[in-house]
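Breakdown of the fold
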Amino acid sequence: MDWIISDELGLTVGHLVGWGAAGAMIIGGVAPYIPQYRQIKKTQDAEGFSLYVCLTLLIANTLRILFWFGKRYELPLLIQSIVMNITMFVMIHLCVTVRKKNQIIRARERIFTDLDRKYFWAWTDFQSYLDCMLVFSVLGAAITYLLIEFSPFVELIGFLAVFTEAMLGAPQIAKNHQNKSTEGMSVSMVVMWTCGDVFKTAYFVVREAPTQFWVCGGLQVSLDIIILIQVWLYRHNTAAARRLRRGD
(Lines give C-alpha, C1' and ligand atoms only; values in the text may rest on other atoms or scores of the structure.)
Protein backbone atom coordinates (compact mmCIF):
# COMPACT_ATOMS: atom_id res chain seq x y z
CA MET A 1 0.00 0.00 0.00
CA ASP A 2 2.81 2.40 0.89
CA TRP A 3 4.46 1.97 -2.50
CA ILE A 4 1.18 2.82 -4.25
CA ILE A 5 0.84 6.08 -2.26
CA SER A 6 4.51 6.87 -2.86
CA ASP A 7 4.15 6.20 -6.58
CA GLU A 8 1.04 8.39 -6.84
CA LEU A 9 2.74 11.19 -4.87
CA GLY A 10 5.81 10.99 -7.09
CA LEU A 11 3.63 11.09 -10.19
CA THR A 12 1.76 14.17 -8.89
CA VAL A 13 4.95 16.00 -7.96
CA GLY A 14 6.49 15.06 -11.29
CA HIS A 15 3.47 16.44 -13.13
CA LEU A 16 3.54 19.68 -11.13
CA VAL A 17 7.23 20.18 -11.87
CA GLY A 18 6.64 19.44 -15.54
CA TRP A 19 3.71 21.83 -15.76
CA GLY A 20 5.66 24.49 -13.89
CA ALA A 21 8.62 24.16 -16.25
CA ALA A 22 6.31 24.31 -19.27
CA GLY A 23 4.60 27.42 -17.91
CA ALA A 24 7.97 29.04 -17.21
CA MET A 25 9.02 28.33 -20.81
CA ILE A 26 5.91 30.05 -22.19
CA ILE A 27 5.79 33.07 -19.86
CA GLY A 28 9.53 33.33 -19.25
CA GLY A 29 10.25 34.20 -22.87
CA VAL A 30 7.90 37.18 -22.74
CA ALA A 31 8.80 38.46 -19.26
CA PRO A 32 12.09 40.22 -20.24
CA TYR A 33 10.19 42.61 -22.52
CA ILE A 34 7.91 43.89 -19.77
CA PRO A 35 10.56 46.21 -18.21
CA GLN A 36 11.66 47.36 -21.70
CA TYR A 37 8.04 48.11 -22.64
CA ARG A 38 7.47 50.03 -19.40
CA GLN A 39 10.70 52.00 -19.87
CA ILE A 40 9.81 53.06 -23.41
CA LYS A 41 6.27 53.93 -22.30
CA LYS A 42 7.54 55.99 -19.38
CA THR A 43 10.34 57.87 -21.17
CA GLN A 44 8.60 58.08 -24.56
CA ASP A 45 11.98 57.23 -26.07
CA ALA A 46 12.43 54.10 -28.22
CA GLU A 47 15.85 54.91 -29.70
CA GLY A 48 17.79 52.66 -27.34
CA PHE A 49 15.81 49.55 -28.31
CA SER A 50 16.64 47.91 -31.63
CA LEU A 51 13.59 46.87 -33.65
CA TYR A 52 15.84 44.28 -35.27
CA VAL A 53 15.49 42.36 -32.01
CA CYS A 54 11.79 42.06 -32.86
CA LEU A 55 12.59 41.06 -36.45
CA THR A 56 14.99 38.37 -35.23
CA LEU A 57 12.43 36.87 -32.87
CA LEU A 58 9.57 37.07 -35.37
CA ILE A 59 11.58 35.19 -37.99
CA ALA A 60 12.92 32.66 -35.47
CA ASN A 61 9.53 31.86 -33.97
CA THR A 62 7.73 31.74 -37.31
CA LEU A 63 10.32 29.22 -38.52
CA ARG A 64 9.95 27.28 -35.28
CA ILE A 65 6.18 27.06 -35.83
CA LEU A 66 6.78 25.74 -39.37
CA PHE A 67 9.34 23.27 -37.98
CA TRP A 68 6.65 21.85 -35.65
CA PHE A 69 4.64 20.65 -38.65
CA GLY A 70 7.63 18.66 -39.92
CA LYS A 71 8.97 17.41 -36.60
CA ARG A 72 6.62 17.48 -33.61
CA TYR A 73 8.43 18.81 -30.56
CA GLU A 74 6.87 19.66 -27.19
CA LEU A 75 3.64 21.68 -27.29
CA PRO A 76 4.81 24.33 -24.74
CA LEU A 77 7.61 25.33 -27.14
CA LEU A 78 5.05 25.82 -29.91
CA ILE A 79 2.79 27.91 -27.65
CA GLN A 80 5.84 29.95 -26.59
CA SER A 81 6.55 30.81 -30.23
CA ILE A 82 2.97 32.02 -30.80
CA VAL A 83 2.97 34.11 -27.62
CA MET A 84 6.39 35.57 -28.47
CA ASN A 85 5.24 36.68 -31.94
CA ILE A 86 2.27 38.49 -30.41
CA THR A 87 4.59 40.16 -27.88
CA MET A 88 6.96 41.36 -30.60
CA PHE A 89 4.12 42.99 -32.51
CA VAL A 90 3.07 44.77 -29.30
CA MET A 91 6.66 46.07 -28.90
CA ILE A 92 6.79 47.21 -32.53
CA HIS A 93 3.46 49.02 -32.21
CA LEU A 94 4.71 50.91 -29.16
CA CYS A 95 8.03 51.89 -30.80
CA VAL A 96 6.37 53.08 -34.01
CA THR A 97 3.83 55.12 -32.04
CA VAL A 98 6.51 56.73 -29.83
CA ARG A 99 8.77 57.58 -32.76
CA LYS A 100 5.89 59.24 -34.59
CA LYS A 101 5.09 61.35 -31.53
CA ASN A 102 8.73 62.45 -31.23
CA GLN A 103 8.95 63.75 -34.79
CA ILE A 104 9.52 67.50 -34.72
CA ILE A 105 9.28 67.79 -38.50
CA ARG A 106 6.93 65.28 -40.10
CA ALA A 107 9.06 62.99 -42.23
CA ARG A 108 7.97 61.23 -45.39
CA GLU A 109 5.96 58.05 -44.77
CA ARG A 110 7.94 54.86 -45.41
CA ILE A 111 5.86 51.73 -45.98
CA PHE A 112 6.50 48.09 -46.86
CA THR A 113 4.99 48.34 -50.35
CA ASP A 114 7.61 50.94 -51.32
CA LEU A 115 10.01 47.96 -51.56
CA ASP A 116 12.89 50.29 -50.69
CA ARG A 117 15.74 48.19 -49.26
CA LYS A 118 17.24 51.24 -47.57
CA TYR A 119 14.23 51.53 -45.28
CA PHE A 120 13.62 47.83 -44.71
CA TRP A 121 12.29 47.33 -41.16
CA ALA A 122 12.40 51.09 -40.62
CA TRP A 123 8.89 51.82 -41.80
CA THR A 124 6.77 54.54 -40.27
CA ASP A 125 3.51 52.60 -39.96
CA PHE A 126 2.72 49.48 -37.95
CA GLN A 127 0.75 47.84 -40.77
CA SER A 128 3.93 47.51 -42.84
CA TYR A 129 5.51 45.26 -40.21
CA LEU A 130 2.40 43.07 -40.19
CA ASP A 131 2.41 42.89 -44.00
CA CYS A 132 6.09 41.94 -44.11
CA MET A 133 5.68 39.06 -41.67
CA LEU A 134 2.49 37.93 -43.39
CA VAL A 135 4.35 37.62 -46.70
CA PHE A 136 7.22 35.79 -44.99
CA SER A 137 4.82 33.39 -43.22
CA VAL A 138 2.79 32.59 -46.35
CA LEU A 139 5.91 31.94 -48.46
CA GLY A 140 7.47 29.86 -45.67
CA ALA A 141 4.28 27.84 -45.22
CA ALA A 142 3.99 27.18 -48.97
CA ILE A 143 7.60 25.97 -49.28
CA THR A 144 7.27 23.86 -46.13
CA TYR A 145 4.09 22.26 -47.45
CA LEU A 146 5.85 21.28 -50.68
CA LEU A 147 8.98 19.90 -48.96
CA ILE A 148 7.49 18.56 -45.72
CA GLU A 149 8.49 14.98 -46.59
CA PHE A 150 12.11 15.95 -47.31
CA SER A 151 13.84 15.36 -43.97
CA PRO A 152 17.00 17.50 -44.59
CA PHE A 153 14.78 20.51 -45.38
CA VAL A 154 12.79 20.03 -42.17
CA GLU A 155 16.01 19.78 -40.14
CA LEU A 156 17.29 22.94 -41.87
CA ILE A 157 14.16 24.85 -40.81
CA GLY A 158 14.74 23.73 -37.23
CA PHE A 159 18.35 24.84 -37.33
CA LEU A 160 17.54 28.22 -38.90
CA ALA A 161 14.79 28.80 -36.31
CA VAL A 162 16.98 28.28 -33.26
CA PHE A 163 20.11 29.82 -34.83
CA THR A 164 18.20 32.99 -35.70
CA GLU A 165 16.87 33.15 -32.14
CA ALA A 166 20.38 32.51 -30.82
CA MET A 167 21.50 35.65 -32.66
CA LEU A 168 18.82 37.68 -30.87
CA GLY A 169 21.36 39.73 -28.95
CA ALA A 170 23.40 40.63 -32.06
CA PRO A 171 21.23 43.64 -33.14
CA GLN A 172 21.30 45.04 -29.59
CA ILE A 173 25.08 44.50 -29.38
CA ALA A 174 25.49 46.42 -32.66
CA LYS A 175 23.17 49.20 -31.45
CA ASN A 176 25.10 49.55 -28.17
CA HIS A 177 28.44 49.56 -30.01
CA GLN A 178 27.20 52.22 -32.43
CA ASN A 179 25.96 54.45 -29.62
CA LYS A 180 28.88 53.60 -27.29
CA SER A 181 26.15 53.55 -24.66
CA THR A 182 23.34 51.35 -23.39
CA GLU A 183 21.03 54.29 -22.62
CA GLY A 184 17.45 53.45 -23.57
CA MET A 185 18.07 49.71 -23.23
CA SER A 186 16.56 48.05 -20.18
CA VAL A 187 19.31 46.29 -18.24
CA SER A 188 16.58 44.35 -16.44
CA MET A 189 15.49 43.01 -19.81
CA VAL A 190 18.99 41.69 -20.56
CA VAL A 191 19.39 40.15 -17.09
CA MET A 192 16.05 38.40 -17.58
CA TRP A 193 17.17 37.35 -21.09
CA THR A 194 20.24 35.72 -19.57
CA CYS A 195 18.37 33.93 -16.79
CA GLY A 196 15.69 32.80 -19.21
CA ASP A 197 18.19 31.54 -21.78
CA VAL A 198 20.13 29.58 -19.16
CA PHE A 199 16.87 27.99 -17.97
CA LYS A 200 15.72 27.37 -21.54
CA THR A 201 18.98 25.70 -22.57
CA ALA A 202 18.88 23.47 -19.48
CA TYR A 203 15.23 22.64 -20.31
CA PHE A 204 16.23 21.63 -23.84
CA VAL A 205 18.94 19.32 -22.53
CA VAL A 206 16.81 17.71 -19.81
CA ARG A 207 13.78 17.25 -22.08
CA GLU A 208 15.99 15.91 -24.89
CA ALA A 209 14.79 18.52 -27.40
CA PRO A 210 16.26 18.36 -30.93
CA THR A 211 20.03 19.03 -30.91
CA GLN A 212 19.60 22.36 -32.72
CA PHE A 213 17.70 23.75 -29.75
CA TRP A 214 20.29 23.30 -26.99
CA VAL A 215 23.38 24.05 -29.12
CA CYS A 216 21.98 27.40 -30.20
CA GLY A 217 20.70 28.01 -26.67
CA GLY A 218 24.32 28.00 -25.51
CA LEU A 219 25.22 30.54 -28.20
CA GLN A 220 22.36 32.75 -27.06
CA VAL A 221 23.62 32.76 -23.47
CA SER A 222 27.07 33.84 -24.76
CA LEU A 223 25.59 36.87 -26.57
CA ASP A 224 23.62 37.83 -23.46
CA ILE A 225 26.87 37.89 -21.50
CA ILE A 226 28.48 40.14 -24.15
CA ILE A 227 25.63 42.67 -23.73
CA LEU A 228 26.10 42.63 -19.95
CA ILE A 229 29.82 43.32 -20.54
CA GLN A 230 28.81 46.29 -22.72
CA VAL A 231 26.67 47.61 -19.86
CA TRP A 232 29.82 47.71 -17.72
CA LEU A 233 32.14 49.04 -20.48
CA TYR A 234 29.80 51.90 -21.47
CA ARG A 235 28.54 52.69 -17.97
CA HIS A 236 30.08 56.21 -17.91
CA ASN A 237 28.70 57.13 -21.35
CA THR A 238 25.31 55.75 -20.37
CA ALA A 239 25.24 57.81 -17.17
CA ALA A 240 26.18 60.96 -19.13
CA ALA A 241 23.48 60.31 -21.73
CA ARG A 242 20.92 59.78 -18.97
CA ARG A 243 21.84 63.09 -17.30
CA LEU A 244 21.61 64.88 -20.66
CA ARG A 245 18.16 63.44 -21.28
CA ARG A 246 16.97 64.55 -17.84
CA GLY A 247 18.48 68.01 -18.39
CA ASP A 248 20.81 67.78 -15.37
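Keep in mind that this is a model prediction, so the values were computed, not measured.

**Some points on the packing of aromatic side chains**
Counting across every chain of the model gives nine aromatic pairs. Judged by centre distance (6.3 Å) and plane angle (90 degrees), the rings of Phe-89 and Phe-126 are edge-to-face. Within this pair, whereas Phe-89 is found in helix α4 (residues 75-101), its partner Phe-126 is found in helix α5 (residues 126-147), the two being separated by 37 residues in sequence. Judged by its relative accessible area of 18%, Phe-89 falls in the buried class. Residue class for Phe-126 comes out partly exposed when judged on its relative accessible area of 23%. With a centroid separation of 5.7 Å and 65 degrees between ring planes, the pair formed by Trp-121 and Trp-123 is classed as edge-to-face. For the pair formed by Trp-121 and Trp-123, the shared burial category is buried. Above the face of the Trp-232 ring, Arg-235 is positioned so that its terminal group lies 4.3 Å from the ring centre.

**Observations regarding unusual backbone geometry**
Unusually for a residue other than glycine, Gln-44 sits at a positive phi of about 55 degrees. If you trace the backbone, Gln-44 turns up in the loop between α2 (33-43) and α3 (51-70). Residue Gln-44 is classed as partly exposed on the basis of its relative accessible area, which comes to 26%.

**A word on the packing of helix α8 (residues 187-206) against helix α9 (residues 211-233)**
At a minimum axis distance of 9 Å, the contact between α8 and α9 shows a crossing angle of 160 degrees. One finds that α8 runs roughly antiparallel with respect to α9. α8 and α9 meet at a crossing whose hand is left-handed. Judged by residue contacts, Val-187, Val-190, Val-191, Trp-193, Thr-194, Asp-197, Val-198, Lys-200, Thr-201, Phe-204 and Val-205 of α8 engage Phe-213, Trp-214, Gly-217, Gly-218, Gln-220, Val-221, Asp-224, Ile-227, Leu-228 and Val-231 from α9. When grouped by side-chain class, the residues that make up the contact of α8 with α9 number 13 nonpolar, five polar and three charged.

**Focus on the confidence of the model for the chain**
Of the residues in the chain, 87% reach a pLDDT of 70 or more, and the chain-wide mean stands at 83. In this model, residues 1-6 is a region of pLDDT below 50 whose contacts with residues beyond four sequence positions or in other chains number zero contacts.

**A word on the side chain of Ser-81**
Within the element layout of this structure, Ser-81 appears in helix α4. If we ignore the near neighbours within four places in the chain, the residues touching Ser-81 are Asn-61, Arg-64 and Ile-65.

**Side note on a nonpolar patch on the surface**
Together, Ile-143, Tyr-145, Leu-146, Leu-147 and Phe-150 make up a nonpolar patch on the protein surface, roughly 590 Å² of accessible area in all. Looking at the element boundaries, Phe-150 is found in the loop between α5 and α6 (151-166).

**A short note on the environment of Pro-171**
Looking at the element boundaries, Pro-171 is found in helix α7 (residues 169-179). On the basis of relative accessibility, which here comes to 16%, the residue Pro-171 falls in the buried class. For the pair Pro-171 and Ser-50, spaced 121 residues apart in sequence, the C-alpha to C-alpha distance is 6.5 Å. Sequence-distant contacts of Pro-171, defined by excluding residues within four places in its chain, comprise Ser-50, Tyr-52, Val-53 and Thr-56.

The rules we used
Residues numbered from 1 in each chain as written. Predicted model: local features only at pLDDT ≥ 70, side-chain atom pairs only at ≥ 80, totals over all residues. Heavy atoms only, no water. Phe/Tyr/Trp six-rings, centres within 6.5 Å; stacked < 30°, edge-to-face > 60°. Helix = DSSP H or I, 4+ residues; strand = E, 2+ residues; numbered from the N terminus. Buried < 20%, exposed > 50% of the residue type's maximum accessible area, 1.4 Å probe, protein only. Lys NZ or Arg CZ within 6 Å of the ring centre and 35° of its normal. Axes fitted to C-alpha atoms, helices over the stretch in contact; angles between N-to-C directions. Parallel < 35°, antiparallel > 145°, perpendicular 65-115°, else oblique. Left-handed = near helix turned anticlockwise from the far one by under 90°. Contact = heavy atoms within 4.5 Å. Nonpolar A, V, L, I, M, F, W, Y, C, P; charged D, E, K, R; others polar. pLDDT = per-residue confidence, 0-100. Patch = residues over 30% accessible without salt bridge, like charges linked within 9 Å, V, L, I, M, F, W, Y side chains within 5 Å. Areas by Shrake-Rupley, 256 points an atom, 1.4 Å probe, with all protein chains shown as cover. Salt bridge = Lys/Arg side-chain N within 4 Å of Asp/Glu carboxyl O.

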